[in-house]
Each structure stands twice: as C-alpha cells, then as structure tokens.
Amino acid sequence: MEVGFVGLGNMGTAVALLVAQKGYGVLAWEYHSSVVEEVNSRHLNSRFLPGVALPESLVATSDLGKVVASSQVLFIAIHSPFLKDTLGPVSSYLSENSLVVSLVKGVEEGSLKTPSRILREIFPQARVVVLSGPTVANEFSYGLPAGAVLAGESKEDLHRVAFLVDTEFFRTRFTGDVIGVEWSGVLKNIYAIGLGMMDGAGVRSLNFKAAFLTRALQEMGDLVSALGGRRETVHYLAGLGDLIATALSEHSHNRRLGELLGQGMDLGEVEKEMGVIPEGYRTLKVALYLGEKYHVPIPVARSIWRVITGEVPPKVMVNNFIKLAV
Ligand SMILES: NC(=O)c1ccc[n+]([C@@H]2O[C@H](COP(=O)([O-])OP(=O)(O)OC[C@H]3O[C@@H](n4cnc5c(N)ncnc54)[C@H](O)[C@@H]3O)[C@@H](O)[C@H]2O)c1
C-alpha cells in the first residue's frame with residue numbers, strides 16, 4: 001500500500017514513524033527543505049522530532065503533487081490554516097478510493113469548519129478519517145504507550161487506517177462520531193488554559209482542580225451535543241483523555257497561556273513571553289459564540305474569559321467558581 005504524508009512536523013513525523021516501523025514505505029512532503037534534506041541524508045528530523053532515529057523507508061520530498069498522486073492513504077499533519085492553500089492546487093491528483101487521514105486539530109475562523117470538513121471539500125473524491133485523542137507526539141514517538149480514536153463513516157476505512165498505525169504501544173479504537181471527536185479536540189484547549197490559570201494563581205487543591213475538570217467536561221459535552229456530536233465521545237479518549245493530557249502537560253502551550261495569566265500577566269505580556277497567543281484563546285471566543293447561538297450555559301468558559309479580559313482577577317475567579325459553577 002502506498003502511504004503518503006503531508007507535513008513532517010512534530011505529529012506528522014511521529015505518525016509516519018509508526019507506519020514506517022510497521023514495514024510500509026512512506027513518502028512524505030515537507031514544507032521546509034532543510035527538513036527534507038536531513039530526513040533523507042541523516043534519517044533525523046532535529047527541527048521537529050529531535051533525538052528520534054527514522055527508518056530509511058521514510059522518504060521526504062518537496063514535491064507535493066507526487067505525494068498526493070501516489071498515495072492510497074494520505075495522512076495530513078499541517079496546521080489547519082494552511083490546508084486550503086497547500087492542498088487546493090494538487091487536490092485533483094488524488095485518486096478516487098484513496099483515503100485521507102486527518103491528524104489536524106482546529107477550527108476555521110469565521111466558517112467554524114473543522115479540518116475533516118475542509119479536507120472533504122478539498123478532496124471530494126476521497127473519504128476522510130480523523131485520528132485524535134491524548135497523543136502527544138513527543139511521547140509516543142519514543143515508544144511510550146498511547147490510545148487514540150479513529151473517527152469515520154465506514155468501518156472498513158477505520159480498519160485500513162488502524163492496520164497502518166496500531167502497534168504494541170499505540171492502539172486505536174473506532175467511532176462514527178466525527179463531529180464529537182473533532183470538537184472535543186478543539187474545546188479541551190479552553191479548559192487547559194483554565195487549569196493553567198489555577199496553577200499560575202497558586203491553587204494547590206487537587207479537589208478543586210478535579211471539580212474544575214469535571215465541570216469542564218460537562219460544558220464540553222453540552223457544546224458537542226448542541227453541535228450534533230455525542231456526549232459519550234466527550235467522555236472517552238478524544239474528550240476526557242485529551243483534556244487531561246493537555247491540561248496537565250508541561251508541553252501544552254494553552255496550559256502555559258493560562259499559567260502566565262494566572263500569575264498576573266496580561267495578554268500582551270503573554271504574547272511577548274510566548275511569541276504567540278495559543279489556539280485556545282481563539283477557541284474560547286468560538287465557544288462563547290456557540291454558547292450564545294445554541295443557548296448553552298458555559299459558566300466555566302465565561303469565567304476564564306473574564307480573567308483574560310482583566311474583568312476578574314484569577315484568585316476571585318477561583319472563589320467564584322466554587323460558589324457558582326459546582
Ligand atoms: N504535536 C502533537 O503532539 C500533536 C498531537 C495531536 C495532534 N496534533 C495536530 O497536528 C497538527 C500539526 O501539529 P504539529 O505539532 O505537528 O505542528 P508542527 O509545528 O510541529 O508542524 C507543522 C507542519 O506544518 C508545516 N508548515 C509550516 N508552515 C507551513 C506553511 N506555510 N504551509 C504549509 N505547511 C507549513 C511544517 O513544515 C510542519 O510540517 C496540528 O493541527 C496539531 O493540533 C499535534
């Protein structure tokens with residue numbers, strides 16, 4: 001089977017490694033020519049996945065058309081704002097019956113389209129499967145165990161993808177709930193900011209953090225249900241699992257955003273410190289909009305927003321949370 005990748009970033013390289021380790025040849029397009037060069041000559045990707053040896057069966061190229069035209073299964077691992085401009089010009093190269101696998105988390109500003117929807121529009125001739133869950137690439141690429149969900153309409157497609165990525169330490173489970181899986185992967189970022197705020201504000205109570213995450217999960221479920229997804233999806237790997245991994249991970253940019261806000265920085269200071277405002281900030285605005293639109297009360301998300309806008313100090317938010325949200 002011909003397997004292609006678009007993007008040898010942190011996640012793309014880690015999943016390509018899983019596939020290559022199972023004995024499949026992988027041809028991967030990468031935006032940065034220095035990465036292409038290093039993967040092919042030294043079998044390393046020190047920019048995006050340092051310290052991990054890559055097999056020779058993983059070949060990188062700057063020829064995107066070649067990758068798309070030759071792939072029976074095409075994994076996509078670039079950030080969502082790049083999808084249309086990168087893949088649009090080569091979309092007709094993908095043959096019918098090919099499968100597109102989205103590793104991308106995000107939502108398009110304005111249209112609120114999720115990556116699988118954008119990919120279905122770019123590749124109307126193909127079916128799309130989504131892989132999501134608590135899958136921090138820097139962990140599973142070192143062989144540490146991880147579980148993920150595969151979401152798609154056809155069981156046969158899901159089996160086809162599982163066959164490529166499942167190993168002894170990386171296991172997938174199936175669901176038909178694409179909406180629930182993709183929105184869970186987006187919304188958890190908001191609550192990772194919230195938990196970061198607690199730590200930044202010096203909250204040491206595990207009881208409190210547990211209450212916070214429990215309410216966060218409930219809000220995620222309410223929003224996902226309103227959007228047409230299933231609450232049980234939120235309670236499994238793509239929701240609860242990813243929420244825990246993101247909210248507790250020291251590598252999470254969204255959690256870091258919260259920590260800095262909790263320590264008293266404003267958004268401008270955070271941007272200077274981090275170089276960028278993480279995705280969860282925009283997601284929070286989307287959630288507030290969705291809450292209004294579908295009449296879903298989301299007091300936890302609102303309280304995080306009030307800290308960001310400077311309306312409420314982090315410590316007051318913590319006290320209010322126990323009084324109002326539990
Ligand atoms: N890293 C993880 O642990 C992880 C886990 C699950 C899901 N994801 C998702 O995978 C996606 C990619 O994340 P990542 O962490 O691998 O990011 P990354 O920054 O490590 O890699 C991004 C990729 O995009 C490419 N790129 C950069 N500029 C581009 C441009 N202008 N046009 C086209 N491509 C460009 C890069 O070369 C690289 O291949 C995101 O949607 C992320 O949410 C990441």
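That block above? That's the structure.
As a convention, each chain's residues are numbered from 1 in the sequence order in which they are written. Confidence filtering applies because this is a predicted model: local features only for residues at pLDDT of at least 70, side-chain atom pairs given and counted only at 80 or more, and all residues used for totals across whole chains, interfaces and linings.

J.: What is the right way to read the overall build of the protein chain from this model?
T.: Secondary structure is summarised from DSSP: a helix means a run of H or I of at least four residues, a strand means a run of E of at least two, and numbering begins at the N terminus for each. Counting its secondary structure elements, the protein chain contains 16 helices and eight strands. Here the C-alpha radius of gyration of the protein chain, 20 Å, is about what a compact globule of 326 residues would show, namely 20 Å. Within the protein chain, counting contacts between residues at least 6 apart in sequence, those at least 24 apart form 71% of the total. Values of the radius of gyration come from C-alpha atoms, whereas the globule rule sets the reference at 2.2 Å times the count of residues to the power 0.38. Residues are scored as being in contact if the C-beta atoms we place from backbone atoms lie within 7 Å.

J.: Any chance you could explain the site of the ligand here in plain terms?
T.: Being near a molecule or strand means, for a residue, that its C-beta atom, positioned from the backbone, comes within 6 Å of it. Taken together, 23 residues form the shell around the ligand, and within it Gly-7, Gly-9, Asn-10, Met-11 and Ala-137 come nearest. With three residues, the single largest contributor to the shell around the ligand is helix α1 (residues 10-21).

J.: Please clarify how the nonpolar core should be interpreted in this entry.
T.: In summary, soluble globular proteins display a tendency toward joint burial of nonpolar side chains. Counting 103 residues, the largest nonpolar core has Ala-16, Ile-76, Ala-77, Val-101, Val-129 and Ile-304 as its most contacted members. Looking at this core, the element that brings in the most residues is helix α8 (residues 178-200), giving 13 residues. Domain assignment of the residues forming this core places at least three in each of domain 1 (3-176) and domain 2 (179-325). The contacts of Ala-16, once residues within four sequence positions are left out, are Phe-5, Leu-8, Val-26, Ala-28 and Leu-58. A set of buried Ala, Val, Leu, Ile, Met, Phe, Trp, Tyr and Cys residues, joined to one another through C-beta atoms within 7 Å, is what we call a nonpolar core. Here a residue counts as buried when 20 or more other C-beta atoms fall within 10 Å of its C-beta, as exposed when 12 or fewer do, and as partly exposed in between; the C-beta atoms come from the backbone. The split into domains, and so the bounds of each, comes from an automatic or database assignment of domains.

J.: What is the right way to read the pairing of strand β1 (residues 3-6) from this model?
T.: If a strand is regular, its side chains alternate between the two faces of the sheet. The alternating pattern of β1 places Val-3 and Phe-5 on one face and Gly-4 and Val-6 on the opposite face, and all of these are buried. By this definition, two strands are paired if DSSP reports at least two bridges between them. Summarising the sheet, β1 and strand β2 (residues 26-29) pair through four bridges and their orientation is parallel. Across the sheet, Val-6 pairs through a bridge with Trp-29, a residue of β2. Where β1 meets strand β4 (residues 73-76), four bridges bridge the pair, whose relative direction is parallel. Within β4, the position partnered with Gly-4 by the bridge is Leu-74.

J.: Even after reading the chapter, I still don't get the pairing of β2, so can you show me in this structure?
T.: In this view, the connection linking β1 to its parallel neighbour β2 by way of α1 has right-handed handedness. In the sheet, β2 pairs with strand β3 (residues 58-61) via four bridges, with the strands oriented parallel. Across the sheet, Leu-27 pairs through a bridge with Val-59, a residue of β3. Looking down the strands as they point away from the viewer, one classifies a crossover as right-handed if the path from the first strand across the helix to the second runs clockwise.

J.: How should unusual backbone geometry be read in this particular structure?
T.: Working note: non-glycine residues mostly have negative phi, and peptide bonds are mostly trans. Here the phi dihedral of His-43 falls at roughly 55°; this positive angle occurs in a residue that is not glycine. Looking at the secondary structure, you find His-43 in the loop between α2 (33-42) and β3. Unlike most non-glycine residues, Leu-112 shows phi in positive territory, near 60°. The exposure class assigned to Leu-112 is partly exposed, which follows from the 15 C-beta atoms found within 10 Å.

J.: Explain the packing of α8 against helix α11 (residues 237-248) to me, please; I cannot follow it from the model alone.
T.: When two helices pack together, their arrangement is given by the angle between their axes and by how far apart the axes lie. The axes are straight lines fitted to the C-alpha atoms, using for helices just the contacting stretch, and the angles between their N-to-C directions are given from 0 to 180°. Close contact between α8 and α11 brings their axes to 8 Å; oriented N to C, the two are set at 35°. Where α8 crosses over α11, the two elements pack in a sense that is right-handed. Contacts between α8 and α11 involve Val-181, Ser-184, Gly-185, Lys-188, Asn-189, Tyr-191, Ala-192 and Leu-195 from the former and Ala-238, Gly-239, Asp-242, Leu-243, Thr-246 and Ala-247 from the latter. Put simply, Ala, Val, Leu, Ile, Met, Phe, Trp, Tyr, Cys and Pro go in the nonpolar bin, Asp, Glu, Lys and Arg in the charged bin, and everything else, Gly too, in the polar bin. Its residues assigned to classes, the contact of α8 with α11 shows seven nonpolar, five polar and two charged. By the definition used in this description, the sense in which the near helix is turned from the far one sets the handedness, with an anticlockwise turn below a right angle giving left-handed and a clockwise turn giving right-handed.

J.: Could you clarify how one ought to interpret α8 in this entry?
T.: Since there are 3.6 residues in each turn of an α-helix, residues three or four apart along the chain are aligned in direction. In a helix, the anticipated span is given by 1.5 Å times the number of residues less one. Under the 1.5 Å per step criterion, the end-to-end length of α8 is 34 Å for 23 residues, consistent within 8% with the ideal 33 Å. We define the bend at each residue as the angle formed by axes fitted to the 7 residues ending at it and the 7 residues starting at it. Roughly 30° is the biggest bend found in α8, and it falls at Ser-184. Within α8, 22 of the 23 residues are buried, which leaves the element mostly enclosed by the surrounding structure. Backbone geometry just downstream of α8 places Gly-202 in the positive-phi region, at approximately 85°.

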